[in-house]
Amino acid sequence: MSGNKASRQKPCHHCKRSASVPPDTSTIHYEKFWLYRHCSSVQQRDRQAQKAGQLFSGLLAMNVVFLGCAFISSMIFNHVAITLADVWILLSILKVLCMCWIIYYLLGTNRQPHAVLYRDSHAGPIWIQGSVLLFSSFSILLNAFQIGYSAILIQCKSKVEIVFPSIEILFICTQAFFLWHHSKDCIQVQHNLTRCGLMLTIATNLLLWLLAVTNDTIHTEIESQLREVEQRLAGNETTSCICPNTTICKVFQKGYILFYPFNTEYCLVCCSMLYVMWKNVGRRISHHVPHIKPKFKLQGVVFGPLLGATAVIIGICVFMIYQIQATGSAPNRQVFVMYYSYYIVLLPLMSVAAVIGTIIHALEKKELDTLKNPTRSLDVILLMGAALGQIGMSYFSIVAIVATNPRDLLNILILSYSVLLIFQSITQNVFIIDGLHRQPFVAATEARHTGHAGQHAVASELPAEEETTTSSKQERTQISPGKEEEMKEEQNHEAYDQRRVSMLELGQEIRKVSLSYLHSYSHLSWKRRALREISFFLVLCNIILWVMPTFGAHPVFENGLEKSFYGYSTWFAIVNFGLPLGVFYRMHSVGGLLEVYVTA
């Protein structure tokens, strides 16, 4: 009997593990897989089934990507056997399958009982969701311009070139809605079907990105049209399909070229968010682990915003001058010199700031955040991977310059720009990754101390004004109305006093805010203050470095050096591979630097 009692009182190993699970274990759907149906422990069977589901869904995505790559490669090297229309048909089938799964998830899987018990607070931050909406809107405009351009030239174009962008618009709208509302879901039902659907959608976005990188059909078509217009003016007859000399056709051409990089950006951002959702399938987040989420406050920074705003203003001026020259005619040499000189001045400042920030991180005595966080792991991978785009382009430029004429002024500037860009990307990555793995600063006591000090300072500076307002109120309460004229005069006096009191209160509020800001700035330690200044400066610099290539400034393709060295098609593929990754890197760096700023 005593042995039975002891066995009842002493829990087994698996019971100890399940005791830490939240009390709503009856609502948890543990995963099952036929290969591991003989496992005695429920938790072990669930863990093995999760790994098997991730393996099989990953194999599905790998096969779809290899099939798509085979089609796209065959289109590039053998235009007769596999055409662009064949690739479009394959991608249209994949997009229809993805849309069917997304609709099923929205109407079926997500509405099942206990389907979403947990939501990952780190997944899908507001800046990522905002970028999805921005890039999806521009991608829809891109496909609308492509539909309009193909409709004008319908007599010499296939109808598939109108159907494919239409399906693309439906796919973009469906996927953007899905990511906006469900990017934080940790789905607990239909695990394998959800993983396969997410991986199929990731593979489709990767293939769309690969096609956008390698497909230069419309770009070469526009250039050939310009050449044929010149031949017509010279008196030679041409038989190819030429865009009529109308404003609407020129708008469609310019709009397509302008919005082309946004489509590749959209595919990359969607892949990152879908990957986080795939990692969160079946994930159970502990309720007892508190999530400290510091808020963004523009306090304690002065020099960072000033220097960053200066860099942004100068960059906008350089960008506008470059765009005016580039759109009017072929950009002259002085514009390229001005553009690269701006980068050569800005990139060393950013590198020095990142190195100083990394040294300050090393001097700080803050614990590392070792909790499992799929979003942070993906952020690190994306930072390292996206930086390879502009680093790779820089090395291609270095080889082209060294092999041709390295002593020319413009070539020297491009060479310096390429070397500095590589160094800046590496130093900034080290600073951001080190900051993301630091524990957030708990500033509750400091904020409380700051608030009390600010209140005391304001109260000590404004005693006379408060006394005057209270005495005026007491005098008004003691006066009793006698006649109608006196009542009107009193009402006028009261209205005047109220306006005076409101102005005094406004002045008090302004003074209170300024005093609290100055006190918070002086109260911060020099390490935290320096980290915030550096982070905010780098945020603004990365914003302007994101704006310039995103909205049309592409000197790496327009200066002609690398294009003449590697050839048009080769350099087009290199630029379309590296430029979207570089733009994505700047955008992703802004999110990482903001997190470093908030947790500093």
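These numbers were taken from a predicted model, which means no experiment stands behind them.

Considering the overall build of the chain
Across its full length, the chain carries 20 helices and two strands. For the chain, the residues scored as buried account for 46% of the 600 residues in total. Residue pairs at least 24 apart in sequence account for 87% of intrachain contacts in the chain once pairs closer than 6 positions are excluded. In the structure as shown, the chain presents an accessible area of about 31000 Å², 65% of it carried by carbon and sulfur atoms.

Section: the confidence of the model for the chain
With 68% of its residues at a pLDDT of 70 or more, the chain has an overall mean of 76. Low pLDDT, under 50, characterises residues 1–25; the stretch is placed with 12 contacts to residues that sit more than four places away or in other chains. Low pLDDT, under 50, characterises residues 443–479; the predicted model gives this stretch 25 contacts beyond four residues in sequence or across chains.

Re helix H13 (residues 409–436)
A turn of α-helix holds 3.6 residues, and therefore any two residues three or four places apart point the same way. The first and last C-alpha atoms of H13 sit 40 Å apart over 28 residues, in line with the 40 Å expected at 1.5 Å per residue. For H13, the side-chain oxygen to backbone nitrogen distance between the N-cap and Leu410 is 3.3 Å, and the N-cap itself is Asp408.

Observations regarding the packing of aromatic side chains
Counting across every chain of the model gives 25 aromatic pairs. Relative to Phe252, the ring of Phe145 lies with its centre 5.9 Å away and its plane at 55 degrees, an arrangement referred to as tilted. With a gap of 107 residues between them, Phe145 in helix H5 (residues 126–152) and Phe252 in helix H9 (residues 247–279) connect regions that are remote in the sequence. Both residues of the pair, Phe145 and Phe252, belong to the buried class. Ring centres of Tyr343 and Tyr417 lie 5.2 Å apart, and the angle between their planes is 90 degrees; this geometry places the pair in the edge-to-face category. Within this pair, whereas Tyr343 is found in helix H11 (residues 333–363), its partner Tyr417 is found in helix H13, the two being separated by 74 residues in sequence. The class for Tyr343 is buried, based on a relative accessible area of 5%. Feature note: the residues Phe135, Phe138, Phe145, Phe252, Phe259, Phe262 and Trp546 constitute an aromatic cluster, connected by ring pairs.

With respect to the packing of helix H17 (residues 526–550) against helix H20 (residues 568–599)
Direction vectors running N to C along H17 and H20 enclose 160 degrees, while the axes themselves pass 9 Å from each other. Taken together, the axes of H17 and H20 are roughly antiparallel relative to one another. Read as a crossing pair, H17 and H20 show a hand that is left-handed. Contacts between H17 and H20 pair Arg532, Ser535, Phe536, Leu538, Val539, Asn542, Ile543, Leu545, Trp546, Pro549 and Thr550 from the former with Leu579, Val583, Arg586, Met587, Ser589, Val590, Leu593, Leu594, Val596 and Tyr597 from the latter. A breakdown of the residues in the contact of H17 with H20 according to their chemical character gives 15 nonpolar, four polar and two charged.

Some words on a nonpolar patch on the surface
A contiguous nonpolar patch, built from Leu55, Phe56, Leu59, Met62 and Phe66 and spanning about 500 Å² of accessible area, is present on the exposed surface. Relative to the helices and strands, Phe66 is located in helix H3 (residues 42–77). Judged by its relative accessible area of 54%, Phe66 is exposed.

Some points on the nonpolar core
Counting residues in each nonpolar core, the largest one holds 134 residues, and the members touching the most others are Phe178, Phe431 and Leu538. The element that contributes the greatest number of residues to this core is H9, accounting for 17 residues. The residues touching Leu538, leaving out its near neighbours within four places in the chain, are Met350, Ala353, Ala354, Gln428, Phe431 and Leu593.

A few points about the side chain of Gln390
Mapped onto the fold, Gln390 is located in helix H12 (residues 374–403). In terms of polar contacts, Gln390 uses its side chain to reach the side chain of Ser425, at 2.8 Å. Dropping the residues within four chain positions of it, Gln390 is found in contact with Leu421, Ser425, Gly578, Gly582, Tyr585 and Arg586.

Re unusual backbone geometry
As a rule of thumb, non-glycine residues mostly have phi less than zero, and peptide bonds are mostly trans rather than cis. With phi around 50 degrees, Gln190 is a residue other than glycine that occupies positive phi space. Among the secondary structure elements, Gln190 is positioned in the loop between strand E2 (185–187) and helix H7 (191–214).

A few points about the environment of Ile152
If you trace the backbone, Ile152 turns up in helix H5. For Ile152, a relative accessible area of 25% gives the class partly exposed. Residue contacts for Ile152: discarding those within four places in its chain leaves Pro244, Ile248, Cys249 and Phe252.

Notes on the pattern of salt bridges
By the definition in use, this model includes two salt bridges. The partner of Glu168 in a salt bridge is Lys95, and the shortest N-O contact between them spans 2.5 Å. Taken together, the residues span a long stretch of sequence, with Glu168 in helix H6 (residues 160–182) and Lys95 in helix H4 (residues 84–107) at a distance of 73 residues. Its relative accessible area of 4% is what places Glu168 among the buried residues. Close ionic contact of Asp408 with Arg333 constitutes a salt bridge, the shortest N to O distance being 2.5 Å. Of this pair, Asp408 sits in the loop between H12 and H13 while Arg333 sits in helix H11, placing them 75 residues apart in sequence. The exposure class of Arg333 is partly exposed, given its relative accessible area of 37%.

What counts, and at which threshold
Residues numbered from 1 in each chain as written. Predicted model: local features only at pLDDT ≥ 70, side-chain atom pairs only at ≥ 80, totals over all residues. Heavy atoms only, no water. Helix = DSSP H or I, 4+ residues; strand = E, 2+ residues; numbered from the N terminus. Buried < 20%, exposed > 50% of the residue type's maximum accessible area, 1.4 Å probe, protein only. Contact = heavy atoms within 4.5 Å. Areas by Shrake-Rupley, 256 points an atom, 1.4 Å probe, with all protein chains shown as cover. pLDDT = per-residue confidence, 0-100. Expected span 1.5 Å × (residues − 1). Polar contact = N/O pair within 3.5 Å; in protein donor to acceptor, adjacent residues only side chain to side chain. Phe/Tyr/Trp six-rings, centres within 6.5 Å; stacked < 30°, edge-to-face > 60°. Axes fitted to C-alpha atoms, helices over the stretch in contact; angles between N-to-C directions. Parallel < 35°, antiparallel > 145°, perpendicular 65-115°, else oblique. Left-handed = near helix turned anticlockwise from the far one by under 90°. Nonpolar A, V, L, I, M, F, W, Y, C, P; charged D, E, K, R; others polar. Patch = residues over 30% accessible without salt bridge, like charges linked within 9 Å, V, L, I, M, F, W, Y side chains within 5 Å. Salt bridge = Lys/Arg side-chain N within 4 Å of Asp/Glu carboxyl O. Core = buried A, V, L, I, M, F, W, Y, C linked by side-chain atoms within 4.5 Å.

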